[in-house]
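# A structural walkthrough
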Amino acid sequence: MNNLIQLRHTLHQFPEIALEESQTAQRILEFFVPFKPDQVFEKLGGTGLAFVYKGKKPGKRILFRCELDGLPIEDLKKTDHQSQIPGKGHLCGHDGHMAIICGLGEKLAENRPENGDVILLFQPAEETGDGAKAVMADPRFEQIRPDFAFALHNLPGYPLHQIVMRSGTFAAGSTGMTITLTGKTSHSAHPDAGINPAQAIAKLIQELPEFPKQASGFALLTLIHAELGSLAFGTSAGKGSLSMTLRAFNQQDLDVLIEKVKAKALEIGESEHLKVEFNFVEQFAVSVNDPDLYSVVEKAAKNQGFNPTEKPEPFRWSEDFGLFSQVCPSFLFGLGAGENCPQLHEGTYDFPDELIETGVGMFWGILKEI
Ligand SMILES: [Zn+2]
Ligand SMILES: [Zn+2]
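What counts, and where the lines are drawn
- Residues numbered from 1 in each chain as written.
- Chains lettered and ligands numbered in written order.
- Predicted model: local features only at pLDDT ≥ 70, side-chain atom pairs only at ≥ 80, totals over all residues.
- Heavy atoms only, no water.
- Donors = N, O, S within 2.8 Å, 3.2 Å for Na, K, Ca; no water.
- Buried < 20%, exposed > 50% of the residue type's maximum accessible area, 1.4 Å probe, protein only.
- Domains from an automatic or database assignment.
- Contact = heavy atoms within 4.5 Å.
- Buried area = accessible area lost by both parts, 1.4 Å probe.
- Salt bridge = Lys/Arg side-chain N within 4 Å of Asp/Glu carboxyl O.
- Polar contact = N/O pair within 3.5 Å; in protein donor to acceptor, adjacent residues only side chain to side chain.
- Nonpolar A, V, L, I, M, F, W, Y, C, P; charged D, E, K, R; others polar.
- Pairing = 2+ DSSP bridges.
- Helix = DSSP H or I, 4+ residues; strand = E, 2+ residues; numbered from the N terminus.
- Axes fitted to C-alpha atoms, helices over the stretch in contact; angles between N-to-C directions.
- Expected span 1.5 Å × (residues − 1).
- Tetrahedral: all angles 85-135°; square planar, octahedral: opposite > 155°, others 65-115°.
- Phe/Tyr/Trp six-rings, centres within 6.5 Å; stacked < 30°, edge-to-face > 60°.
- Lys NZ or Arg CZ within 6 Å of the ring centre and 35° of its normal.

## Details of the coordination of the zinc ion (ligand 2)
For the zinc ion (ligand 2), the protein coordination sphere consists of Cys92 (SG), His94 (NE2) and His153 (NE2), at 2.1 to 2.4 Å. Within one chain, the residues donating to the zinc ion (ligand 2) are spaced in sequence as C-x1-H-x58-H. For the pair the zinc ion (ligand 2) and the zinc ion (ligand 1), the metal-to-metal distance amounts to 3.2 Å, and Cys92 bridges them. Exposure class is identical for Cys92 and His94. Each is buried.

## A word on the domain arrangement of the protein
Partitioning the protein into domains gives domain 1 (2-171 + 286-369) and domain 2 (173-283). One C-alpha centre belongs to domain 1, the other to domain 2, and the line joining them spans 36 Å. Counting from both sides, the interface comprises 14 residues of domain 1 and, opposite them, eleven residues of domain 2. Both faces considered, domain 1 and domain 2 share a buried interface measuring about 940 Å² in area, 48% of it formed by carbon and sulfur atoms. Joining domain 1 to domain 2, the criterion identifies zero salt bridges. Viewed at the interface, domain 2 and domain 1 are joined by four residue pairs in polar contact (both at pLDDT 80 or more). The class makeup of the residues in the side of domain 1 that touches domain 2 is five nonpolar, five polar and four charged.

## What to know about the sheet that holds strand β13 (residues 275-284)
The sheet built from four strands is open, its strands ordered β10-β12-β8-β13 with antiparallel pairing. Of all the strands in the sheet, the pair left with one neighbour each is β10 (219-228) and β13. The mean angle between the axes of side-by-side strands here comes to 20°, regardless of whether they run parallel or antiparallel. As defined by bridge partners, β10 adjoins strand β12 (residues 239-248) across nine bridges and the pair is classed as antiparallel. Residue Leu228 lies in a different strand from β12, and its bridge partner there is Gly240. Relative to the sheet, helix α6 (residues 198-207) contacts β8 (173-182), β10 and β12, its axis offset from that of β12 by approximately 15°.

## Comments concerning helix α1 (residues 2-13)
Taking 1.5 Å of rise per residue, the twelve residues of α1 would be expected to cover 16 Å, and the 17 Å separating its terminal C-alpha atoms lies within 8% of that figure. Within α1 the residues assigned to the buried category are Leu4, Leu7, Arg8, His9, Leu11, His12 and Gln13. Looking at the buried side of α1, the elements it contacts are α2 (22-32), α3 (94-110) and α9 (354-369).

## What about the pairing of strand β1 (residues 39-44)?
Inspection of the sheet shows β1 paired to strand β2 (residues 48-54) by four bridges, in the antiparallel sense. In the sheet register, Gln39 faces β2, and the bridge partner there is Val52. Taken together, β1 and the strand that follows it, β2, pair antiparallel across an intervening segment of three residues, in which Gly45 is found at a positive phi of about 55°.

## Quick notes on the coordination of the zinc ion (ligand 1)
Donor atoms from the polypeptide that coordinate the zinc ion (ligand 1) comprise Cys92 (SG), Glu127 (OE), Glu127 (OE) and His345 (NE2), at 2.0 to 2.6 Å from the metal. Note that the zinc ion (ligand 1) binds four donor atoms; their angles at the metal cover 54 to 149°, and the shape is irregular. Counting the intervening residues between successive donors of the zinc ion (ligand 1) yields the motif C-x34-E-x217-H.

## Considerations on the packing of aromatic side chains
Counting across every chain of the model gives 15 aromatic pairs. With 3.8 Å between their ring centres and 5° between their planes, Phe32 and Phe51 make a pair best called stacked. Residue Phe32 is found in helix α2, and its partner Phe51 is found in strand β2; the two are separated by 19 residues along the sequence. Each of the two residues, Phe32 as well as Phe51, counts as buried. Joined through ring pairs, the aromatic side chains of Phe31, Phe32, Phe35, Phe51 and Phe122 make up one cluster. One cation-aromatic arrangement involves Lys107 over Trp364; the distance from NZ or CZ to the ring centre is 5.4 Å. Above the plane of the ring of Phe315 lies Lys311, whose end atom (NZ or CZ) is 4.4 Å from the centre.

Structure below.
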């Protein structure tokens, strides 16, 4: 276990953000050399890595996924493994997730699966929602396309080692959306000669946050940024934009919400003679847990002496593991990181080393149960 803790500390010291994780991937690649995987896929979806352990007999393909990326946030916790990269930190615990999957590789090196293949995926760019998409868009994904996929996320606010589970939606789907409205500038003494999008933006700010109320389940539209013209007092604004994050617990609600927002923006834009454009970023699918896999994960937890807790409501945050639930039956569960520790993405968050062993045990248990 010490080698895994050491690895996590090294990863913590040298965090790399989404789509830049080449050194991290190199470190993982070197760490796996003694574990003799049967097949290695490098630069998967950019900087990703996948290690394949082939079973003694043919069978299903089971994928375990972790994330390579850190965050563009300063690591503020003074430890002997504090980040050495200014402005960047492993503050979502992905360093711990990587150590767990490395621990699984260490076990697989000595005990190949009886049936089927095990894929250990180190996915890039989870934080921006780009990574899962990029891995699946890689033509080599077909060679590792799983029959079942599993992942865990550490959860501050829950007792240390607590397994947190849910059947159905585990985490919300979400998307960042920007509406750009283009009219025409004019002299501020003659605003009538131009087309100023101010009123259109004001209407959208008033109306859009009401839309999620029509959804069948939980949905939310949060305004995050607005921009209009520039600080030129002689000029009536000719362009503006409004940015928001949309989220929902089911994919259909999210898709319908997006369409309604688009329709309203087009309607208002048209009535005011504005050009309307849309841009989407950080798109995360809803993470849906397969009900049939619930008992597999539950047994794995109980066999380790843990009493898993059922979360009554899905989490409002998103995980790009959600995309795997569109590919095959999949299951994402939580692993408590302590009740009194900082939240994810806080400057002082540091993945608890004690969780590495629990995570390895959980994944190993799942492999035995499935
Ligand atoms: Zn995160
Ligand atoms: Zn995360």
